[in-house]
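# Examining the three-dimensional arrangement
What follows is each chain in one-letter form.
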Amino acid sequence: MRDTPFRLAVIGTGAAARILHVPGALASPHVTIAALVDSVPARARQLARNFGLSPLIASDINAIVGAVDGALICTPNESHCPIAVALLERGIPCLVDKPLATTIEDGERMCRAAESAGKVLAVGYTTLYRDEVWLLKQILDERRFGRVRRFHFQEGTIGGWAPVSGYTVSRAASGGGVLTVVGVHFLDRMLFWFGYPDWCSLVDDSQGGPEAMCLARVRYGSGADAFDGTILLSKTFTLKPGLVVETDQGRIIFPIGTSPLYFVPHDASGFVTILSPTERRYPLEKTTAQLQIENFVAACRGLAPPMADGRRGLLAVRLLDELYGRRKALAEPWRDIAGAAA
Amino acid sequence: MKIALFGATGFVGTTLAERLGRRADVELRLFSRGFGNAWRLARSGTTLETIDVLNPADVERAVSGCTHVVNCTRGGPDVMIKGLDILLRASRAARVQRFVHLSSVAVYGESPPPEAAHESGPARPEPGSYGAEKLLQDQMVQRAAEKGLSCVILCPPNISGVYSSFVCNVLADIRAGSFALVEGGRLALNVVDVENLAHAIELALVAPRADAQRIFVTDGEGLTWRDLAEALLPLSERDRPIDEVPAHLFRRSPEPPPKPSLFRSLKHLVSSDVREALRRDPLLARLDKGMRQLVAAAGGRIEDSLRHAIEGPIKVRQVPDRTPYTSRYNAMQLRNVHHHIDRARELLGYKPVLSFQASMARFRTWYEVTHGYGEDFWPLARALETFKVEPV
């Protein structure tokens, strides 16, 4: 990479900026934080103070034109589109936190804005910056353990991530509930590993607000090669997080975090095989936030394609839209206290 | 009745908010420190306000105009003690008609005496424990009551019911084989379904008498840990009965903390652990290096003697045999006191809305539906839950 540091603007200075993106940018020798933009400038100033930075502080993106080489947008989901389109129209490349947008129309607008400006539009799927994600893709493509028979992914915590604005618990601001806020990371990887599903369905516990738990089902292919997948997500109870892919020969287990992949054969031999890459493209000493920013910088400089570009991000938005379109309400018989008492 | 509910996104707070939200005679203001845990409330579009209970002006504004206050907050010592103090002061200033506070049976300690069957039993929590903090809170509420605030203190045990982490954890331990029935499972179990507790809070808001003394709230007396284990057996996936073990396996005599000693503190200051930390400072690192060179120059015997004087003899930690019974609920069974709910019946007119059996049946249904128990993907979910690799 070139020696001149990339001048990054961080748009939105809430929890994601504080915990992930600003530390990720500061850890990179290729990046300098040139601007912090927030509708509440005092929040941006506080963030700058906390990290000992003196960037341009602004409440309006017009103030950063000419002063930055690219922008990282980590604002509530509903604002991704207007901010990104405005920046792209001013010639500023954008890295947008996941999901790309809350509607397909917004996502399309963003992609078109990037394409007509000839600027990078990347989507922040930090979980892609793990070599095991790519190793699993290779294993699946090569049918190393036979055909895929089915898979199950789950992730559940009681509460968790608390953005300053609280947008994650507002359907209007986030575009959905746990499926959007947490699940879209997996949906993106699922699209990468298996492609776009041929069929999908969703059951969730929304009663008008964002769903706190959901079960999505997907189906791939037909005939002997057909397989199903399930995605169970919760923000109200804990689930040991990870993915299990059942193949002809056994189960591939992919826990979340920095764990390797494991293969457990059907023959119950008592052995598991640890599947690790022979070489790491994404060194573990760097956070995924740092790796993501460095990929964005490389993309802006024409040195590498963005890990997830706008069109790829749009695919996940389309799947979210399809899942919510087929949504059915979870039956909750336990809510009938009088009936339970009887 | 206009109620300010603090800690509205917790397990109890959410259940209470859902119950109160269905009542036409209640105007409700829900407060929480943040949105992170607000998912259960948010799914129905419930409006929530964030608050820092350590900010007196914010709390005063929140309580202003409210006739009743319920405190379900949890958090660090600052929230528990300073936050409660601010809440009590604001409630008094706003002349609220009733302040309902949640205590815990933990105030009676990990090994409560038989007298703890009744609220008047001696409260002797372990120093520095959660119970000690809750006892301090009770005393603060009692002082506020002496100054004229009408207070009710409810004292629940472990809280069960739909969404209960306690019951989920016991189930996980039963499945893992780490849970055992101590003394055949005959020891006393105190548990309250979250709906019963929320019902008790509703009663406490309007109870004619409020004496600011603890009131036990449980699903009723006479339950044992075997009752809980058997209620969870349909979900346990065990092919053999839960192990039964004697109580002595879990009786601990905690090591008394060492008495303060200037000599020990000085030795600690020059110990290798502390010096390692000090060496991060370049000046102190040079000083340390110089001292070590000086000692080394004095010869091996002197160096050894000095090390022995500072660090003591070489210690080798015993490595005990592995035990399968690692569940924290094994030792908890030794509490073995049934907390009676006579006062709740008398003062609040409390009668559980859900029996223990109904509570557990409801939990099982919730668990099956939300966790996919018995669904086609359940074997994969279980494979993930149970998968572990011994560290190399």
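This structure is a prediction, so every number in the text was calculated from the model and none was measured.

### As for the overall build of chain B
Within chain B, the secondary structure is distributed over 16 helices and eleven strands. Each principal axis of the C-alpha atoms in chain B carries an extent, and together these give about 85 × 60 × 45 Å. Considering chain B as a whole, with its 392 residues, one finds that 41% of them fall into the buried category.

### A word on the overall build of chain A
A tally of helices and strands in chain A yields ten helices and 15 strands. Principal-axis analysis of the C-alpha atoms gives chain A an extent of 60 × 55 × 35 Å. Here chain A, with 342 residues, has 49% of them falling under the buried criterion. Within chain A, contacts between residues separated by at least 24 positions form 67% of all contacts whose residues are at least 6 apart in sequence.

### With respect to the packing of helix α3 (residues 56-63) of chain B against helix α4 (residues 77-93) of chain B
Residues and elements named next belong to chain B. Packing of α3 against α4 brings their axes to within 9 Å, and their N-to-C directions diverge by 45°. Between α3 and α4, the angle falls in the class oblique. Crossing of α3 against α4: the hand is right-handed. Listed contacts from α4 to P56, V59, E60 and V63 of α3 are I86, L87, A90, S91 and A93. Counted by class, the contact of α3 with α4 contains seven nonpolar, one polar and one charged residues.

### So, the pairing of strand β1 (residues 2-6) of chain B
Both faces of the sheet carry side chains from a regular strand, because those side chains alternate between them. All names here are of chain B. Judged by how many residues are buried, β1 sits mostly within the fold: four of five residues are covered. The pairing of β1 with strand β2 (residues 27-32) spans five bridges and is classified as parallel. Across the sheet, the residue bridging to L5 is L30, located in β2. For the segment spanning β1, helix α1 (residues 11-21) and β2, crossover handedness is right-handed. As paired elements, β1 and strand β4 (residues 68-71) share four bridges and run parallel to each other.

### So, unusual backbone geometry
Across the junction of K98(A) and P99(A), the peptide omega takes the value -15°, indicating a cis bond. With respect to the secondary-structure elements, P99(A) resides in the loop between β5 (94-97) and α4 (104-117). Although it is not a glycine, R95(B) adopts a positive phi angle of roughly 55°. By secondary structure assignment, the location of R95(B) is in the loop between α4 and β5 (98-102). In this structure, A212(B) takes a positive phi of about 55° despite not being glycine. One can find A212(B) in the loop between α7 (194-206) and β10 (214-216). With 19 C-beta atoms packed within 10 Å, A212(B) lands in the partly exposed category.

### Description of the pairing of strand β12 (residues 250-255) of chain A
Residues and elements named next belong to chain A. The element β12 is largely enclosed, with a buried count of five among its six residues. As judged from the five bridges shared by strand β11 (residues 239-247) and β12, these two strands associate in the antiparallel manner. In the strand pairing of β12, L243 is matched with F254. The antiparallel hairpin formed by β11 and β12 contains two residues in its connecting segment. Here four bridges tie β12 to strand β13 (residues 261-265), and the two strands are oriented antiparallel to one another. Each bridged residue has a counterpart across the sheet, and for R251 the counterpart in β13 is V264.

### Describing α3(B)
Residue and element names in this part refer to chain B. Buried within α3 we find V59, A62 and V63. Down the axis of α3, the sector holding all buried residues measures 90°, keeping them to one side. Positive backbone phi, approximately 85°, marks G65, located one or two places after α3.

### As for the interface of chain A and chain B
Across the boundary between the two partners, chain A contributes 40 residues, which contact 32 residues of chain B. If you list the elements that add at least two residues to the side of chain A that touches chain B, you get β7 (148-156), β9 (213-220), β10 (227-234), β11, β12 and α10 (337-341) of chain A. Among the elements that line the side of chain A that touches chain B, the one with the most residues is β11(A), at four residues. Residue composition of the side of chain A that touches chain B, grouped by class: 19 nonpolar, 14 polar and seven charged.

### Digging into the packing of α1(B) against α7(B)
Residue and element names in this part refer to chain B. Where α1 meets α7, the axes come as close as 9 Å, and the angle between the chain directions of the two elements is 65°. Considering the relative orientation of α1 and α7, their crossing is right-handed. Touching F11, V12, T15, L16 and R19 of α1 are V194, E195, L197, A198, I201 and E202, all from α7. Residues belonging to the contact of α1 with α7 are distributed by class as follows: seven nonpolar, one polar and three charged.

### Overview of the domain arrangement of chain A
Residues and elements named next belong to chain A. The domain boundaries assigned to chain A delineate domain 1 (6-127 + 287-308) and domain 2 (131-281 + 320-329). If you average the C-alpha positions of domain 1 and of domain 2, the two centres end up 27 Å apart. In this complex, domain 1 contributes 13 residues to the contact, which on the side of domain 2 involves 17 residues. Of the residues that constitute the side of domain 1 that touches domain 2, the class distribution is seven nonpolar, four polar and two charged.

### Some words on the confidence of the model for chain B
Mean pLDDT for chain B: 94, with 99% of residues reaching 70 or above. Taken over the whole predicted complex, pTM reads 0.93, whereas the ipTM for its chain interfaces reads 0.93.

### Quick look at the sheet that holds β7(A)
The mixed open sheet is built from nine strands, whose spatial order is β14-β13-β12-β11-β7-β10-β9-β8-β15 (chain A). Where the open sheet ends on each side, the last strands, each with one partner, are β14 (273-275) and β15 (327-329) of chain A. Shown here is a sheet whose adjacent strand axes are inclined to one another by a mean of 20°, direction ignored. Across the face of the sheet, helix α7 (residues 178-194) of chain A comes into contact with β7, β9 and β10 of chain A while running at roughly 155° to β10(A). Against the sheet, helix α16 (residues 378-386) of chain B makes contact with β7, β10, β11 and β12 of chain A, and its axis sits at roughly 120° relative to β11(A), the strand it touches most.

### A few points about the environment of I341(B)
All names here are of chain B. Here I341 lies in the loop between α13 (328-332) and α14 (342-348). What makes I341 buried here is the crowd of 25 C-beta atoms within 10 Å. The sequence separation of I341 and D219 amounts to 122 residues, and the corresponding C-alpha distance is 8.8 Å. Ignoring sequence-local partners within four residues, the contact set of I341 consists of F216, V217, T218, G220 and Y350.

### Some remarks on helix α3 (residues 80-89) of chain A
All names here are of chain A. Looking only at α3, the buried set comprises H80, C81, A84, L87 and L88. The arc that holds every buried residue of α3, seen down its axis, measures 140°, which confines them to one face. Summarising the contacts, the buried residues of α3 are in contact with β4 (70-73), β5, α4 and β6 (121-124). Downstream of α3 by a residue or two, G91 has a phi angle that is positive, lying close to 85°.

### Quick look at the nonpolar core
Counting 202 residues, the largest nonpolar core has L5(B), L154(B) and V217(B) as its most contacted members. Here this core gets nine residues from one element, more than from any other, and that element is α7(A). A domain split of this core shows at least three residues from each of domain 1 (6-127 + 287-308) and domain 2 (131-281 + 320-329) of chain A. Leave out the neighbours within four places in its chain, and V217(B) touches L154(B), C155(B), P156(B), V192(B), N196(B), L197(B), A200(B), I341(B), A344(B) and Y350(B).

Conventions and cut-offs
Residues numbered from 1 in each chain as written. Chains lettered and ligands numbered in written order. Predicted model: local features only at pLDDT ≥ 70, side-chain atom pairs only at ≥ 80, totals over all residues. Helix = DSSP H or I, 4+ residues; strand = E, 2+ residues; numbered from the N terminus. Buried ≥ 20, exposed ≤ 12 C-beta atoms within 10 Å, placed from the backbone. Contact = placed C-beta atoms within 7 Å. Axes fitted to C-alpha atoms, helices over the stretch in contact; angles between N-to-C directions. Parallel < 35°, antiparallel > 145°, perpendicular 65-115°, else oblique. Left-handed = near helix turned anticlockwise from the far one by under 90°. Nonpolar A, V, L, I, M, F, W, Y, C, P; charged D, E, K, R; others polar. Pairing = 2+ DSSP bridges. Right-handed = clockwise from strand over helix to strand, strands pointing away. Arc of directions from axis to C-beta. Domains from an automatic or database assignment. pLDDT = per-residue confidence, 0-100. Core = buried A, V, L, I, M, F, W, Y, C linked by C-beta atoms within 7 Å.

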